[in-house]
Amino acid sequence: MSQWNADNIRADFPILADRAGKRKLIYLDNAATTQKPAAVIDSVSEYYRKHNANVHRGVHFLSLEATQMMEEARLAVKEFINAKSADEIIFTRGTTESINLVASSFGKSLAKDDEIIVGEMEHHSNIVPWQMTAEEHKAKIKVLPFDQSGELMLDLLPQLITPHTRIIALTHVSNVLGTINDIKKVIDLAHSLRIPVLIDGAQGIAHTKVDVQALDCDFYCFSGHKIYAPMGIGVLYGKKERLETLPPYQGGGEMIKQVKFSGTSYNDLPYRFEAGTPDVAGILGLKAALDYVSKISIERIAAIEDELLDYTTAQLQSIDGLRLIGTAKRKSAVISFVINGLHPFDVGTLLDMEGVAVRTGHHCAQPVMEHFDIVGTLRASFAMYNTKAEADSLIAALKKAIAMLK
Ligand SMILES: *Cc1c(COP(=O)(O)O)cnc(C)c1O
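Since the model is a prediction, treat every value here as computed from it, not as a measurement.

### Examining the domain arrangement of the protein
- Domain annotation for the protein reports domain 1 (3-29 + 297-405) and domain 2 (41-294).
- With 35 residues of domain 1 at the interface, the matching set in domain 2 holds 30 residues.
- Surface buried jointly by domain 1 and domain 2 totals about 2700 Å² across both partners, of which 57% is contributed by carbon and sulfur atoms.
- It is Ile298, Arg330 and His371 that lose the most area in domain 1 upon contact with domain 2, and together they represent 22% of the buried surface on that side.
- Note that Lys329 and Glu151 form a salt bridge whose closest N and O atoms lie 3.8 Å from each other.
- One can count 18 residue pairs in polar contact (both at pLDDT 80 or more) joining domain 1 with domain 2.
- Residue assignment for the side of domain 1 that touches domain 2 shows that the elements contributing at least two residues are α12 (298-317), β12 (334-339) and α14 (366-372).
- Looking at the side of domain 1 that touches domain 2, the element that brings in the most residues is α14, giving six residues.
- Looking at the side of domain 1 that touches domain 2, its residues break down into 19 nonpolar, nine polar and seven charged.

The structure is reproduced here in structure tokens:
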């Protein structure tokens, strides 16, 4: 593919197709979930039409076929993030479950007064599981703050770390501020003190090239649905030597070697952390999505989104009374903003009447709202299929909404 052709890309996404007779759809809520290309939708339905069988269980050909397809998908994920081994790829329901798995299993080794460092800009799913674990084991949470532009105050990290620090959990990219954090710097510092690092990659995976070996992170979590794959499937990457020391999360079928009432032994990686029947269709959909993204290349997608980010940001800044929330130097295409005297929900409702879908509210990151002393923001977030014409529609609809509400 030489020249970027948004029309060709858009044609791959059935929901964006001609909506004759229906309401216009300008979908700018990609940080909440992305739309799915036909290749993903087809792979899910193909699985149920032609391949459905339970995996890792049957001797019959259909089960073996489904198992093989699932393991090929695991390999595709391994390649996509450049993990060392497919055993390091654990399928979960999403970022939330991946973080809960680590917080719960790693958490079992925490003792009284141990410390967990999390970022101030985290999504609730990278705060609450740690709070639950901390409460259970009488450990403490410490917070790495960000500054007014939405950049992590990394200078403060060395002071936050103590001999009691057991793990650092940080987001790669903020779903509210758009900040792309310098996680490599955090990981290097943490490792020099033998502290493991978990990265919430829910946004990072779709907008940046992720190479877990180059990053050297201990855990990297992401959801399929934010990178054009189905909902309900996600990944926990963990370094093998880390995962091997973690106790199991859920118990059940598939995660065991031998079950006896006198004592049960657990399966090898990665199955030890995959209790029960997996979402095979979702896993195949995830593979289709990663194949689709790889074909275009994540760098190219990021370049398109960066252009939309710069273009839209400049236009928004020309609107009177509009304040951007999140102005870090390195950002992905997530733009949060507030408008003086107007409630985000009211503006969002009027935008919706113009067919422009944005998100309003706290975006599952209430500490960020508290930091800026606001109730919520409007948020426009872009994906590879968005266009400058859509950004123009957002701006026009915004101006109309402001004129109506003021
Ligand atoms: C969406 C998101 C999550 C939660 O992902 P789920 O798919 O709901 O589990 C966590 N962190 C960030 C940064 C997100 O954007």
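Back to the text.
### Looking at the sheet that holds strand β2 (residues 89-92)
- Across the sheet, which stays open at both edges, the seven strands sit in the order β2-β8-β7-β6-β5-β3-β4 with mixed pairing between neighbours. On the outer flanks of this sheet lie β2 and β4 (140-144), each paired with one strand and no other. Between one strand and the next, the sheet's axes are offset by a mean angle of 20°, whatever the strand orientation.
- Alignment of β2 against strand β8 (residues 234-238), held across four bridges, turns out to be antiparallel. Residue pairing across strands places Ile90 opposite Leu236, the latter belonging to β8.
- Helix-sheet contacts for helix α5 (residues 128-137) involve β3 (115-119), β4, β5 (165-171) and β6 (197-200), and the interaxial angle to β4 is about 145°.
- Here helix α7 (residues 183-192) sits on the sheet in contact with β5 and β6, set at roughly 165° to β6.

### What to know about α12
- Relative to the 28 Å expected for 20 residues at 1.5 Å per residue, α12 spans 28 Å between its end C-alpha atoms, a close match to the ideal helical length.
- Restricting attention to buried positions, one finds in α12 the residues Ile298, Ile301, Ala302, Ile304, Glu305, Leu308, Leu309, Thr312, Thr313 and Leu316. Buried residues of α12, viewed axially, fall in a sector of 160°; they line one side.
- If you follow the buried residues of α12, they end up packed against α8 (204-207), α11 (280-296), β11 (322-325), β12 and α15 (388-405).

### Section: the nonpolar core
- In terms of nonpolar packing, the biggest core is built from 104 residues, with Ile81, Ile168, Tyr220, Tyr228, Met384 and Leu398 touching the most fellow members.
- With 11 residues, α11 is the largest single contributor of residues to this core.
- Here this core spans two domains, since at least three of its residues come from each of domain 1 (3-29 + 297-405) and domain 2 (41-294).
- Setting aside residues no more than four positions away along its own chain, Tyr220 makes contact with His172, Ile199, Gly201, Gly204, Ile205, Val210, Val212, Leu215, Val235, Leu236 and Tyr237.
- In this structure, Phe106, Leu110, Cys221 and Leu246 belong to the second largest nonpolar core, which totals 22 residues.

### Describing the packing of helix α13 (residues 344-353) against α15
- Packing of α13 against α15 brings their axes to within 9 Å, and their N-to-C directions diverge by 125°. Here α13 is positioned oblique relative to α15, judged by the angle of their axes. Two packed elements cross with a definite hand, and for α13 against α15 that hand is right-handed. Listed contacts from α15 to Asp346, Val347, Leu350 and Leu351 of α13 are Leu394, Ala397, Leu398, Ala401, Met404 and Leu405.
- Here the contact of α13 with α15 is composed, by residue class, of nine nonpolar, no polar and one charged.

### Description of the site of the ligand
- If you check the shell around the ligand, you find Thr95, Thr96, His123, Ser125, Thr171, Asn175, Asp200, Ala202, Gln203, Ser223, His225 and Lys226 and nothing else.
- The side chain of Ser223 places a nitrogen or oxygen atom 2.6 Å from an oxygen atom of the ligand.
- His225 places a side-chain nitrogen or oxygen 2.7 Å from an oxygen atom of the ligand.
- The protein chains hide 86% of the 380 Å² of surface that the ligand would expose on its own.
- Judged by the proximity of its atoms to the pocket grid, the ligand belongs to the largest pocket.
- Of the residues assigned to the shell around the ligand, the class counts are one nonpolar, nine polar and two charged.

### Structural notes on the side chain of Ser174
- If you trace the backbone, Ser174 turns up in the loop between β5 and α7.
- Assessed through its relative accessible area of 0%, Ser174 is described here as buried.
- Side-chain polar atoms of Ser174 contact the backbone nitrogen of Val176, separated by 3.1 Å.
- Of the polar contacts made by the side chain of Ser174, one reaches the backbone nitrogen of Leu177; its length is 2.8 Å.

The rules behind these values
Every chain is numbered independently, its residues counted from 1 as its sequence is written. Given that the model is predicted, a residue must reach a pLDDT of at least 70 before its local features are reported, and side-chain atom pairs must reach 80 or more before they are shown or counted; all residues, however, enter totals for whole chains, interfaces and linings. Each side-chain value is worked out from all heavy atoms of the structure, with water and hydrogens disregarded. Residue ranges labeled as domains rest on an automatic or database domain assignment. Between two residues, a contact is recorded if the distance between any of their heavy atoms is within 4.5 Å. Each of two parts loses accessible area, computed with a 1.4 Å probe, when they are put together; buried area is these two losses added. When a carboxyl oxygen of Asp or Glu lies within 4 Å of a side-chain nitrogen of Lys or Arg, that pair is called a salt bridge. Residues adjacent in sequence count toward polar contacts only when both atoms are side-chain atoms; beyond that, a polar contact is any pair of N or O atoms within 3.5 Å, and within protein one must be able to donate a hydrogen and the other to accept it. Here a strand is any run of E in DSSP of at least two residues, a helix any run of H or I of at least four, and the numbering for each starts at the N terminus. For this scheme, ten residues count as nonpolar: Ala, Val, Leu, Ile, Met, Phe, Trp, Tyr, Cys and Pro. Four count as charged, namely Asp, Glu, Lys and Arg, and the remainder, Gly too, count as polar. Two strands make a pair as long as DSSP finds a minimum of two bridges between them. For helices, the fitted axis covers only the stretch in contact; all axes are lines through C-alpha atoms, and the angles between them, taken along N-to-C directions, range from 0 to 180 degrees. How far a helix is expected to stretch is found by multiplying one less than its residue total by 1.5 Å. Whether a residue is buried, partly exposed or exposed follows from its accessible area with a 1.4 Å probe, protein chains only, as a fraction of its type maximum: under 20%, in between, or over 50%, in that order. By definition, the arc is the one covered by directions from the helix axis to the C-beta atoms. Here, nonpolar core refers to any group of buried Ala, Val, Leu, Ile, Met, Phe, Trp, Tyr and Cys residues whose side-chain atoms link them within 4.5 Å. Angles below 35 degrees are treated as roughly parallel, those above 145 as roughly antiparallel, those between 65 and 115 as roughly perpendicular, and all remaining angles as oblique. Crossing chirality is assigned from the near helix's rotation relative to the far helix, an anticlockwise turn below a right angle marking it left-handed and a clockwise turn marking it right-handed. By convention in these notes, a residue is near a molecule or strand provided one of its non-hydrogen atoms lies within 4 Å of it. Surface accessibility in these figures is a Shrake-Rupley result with a 1.4 Å probe; residues are shielded only by whichever protein chains are displayed. Cavities and pockets are found on a 1 Å grid laid over the protein atoms alone: a cavity is a set of points where a 1.4 Å probe fits but cannot escape, a pocket is an open set with protein on both sides within 12 Å along at least five of seven lines, and a lining residue has an atom within 4 Å of such a point. In this scheme, a molecule is assigned to a cavity or pocket if more than half of its atoms are within 2 Å of the grid points.

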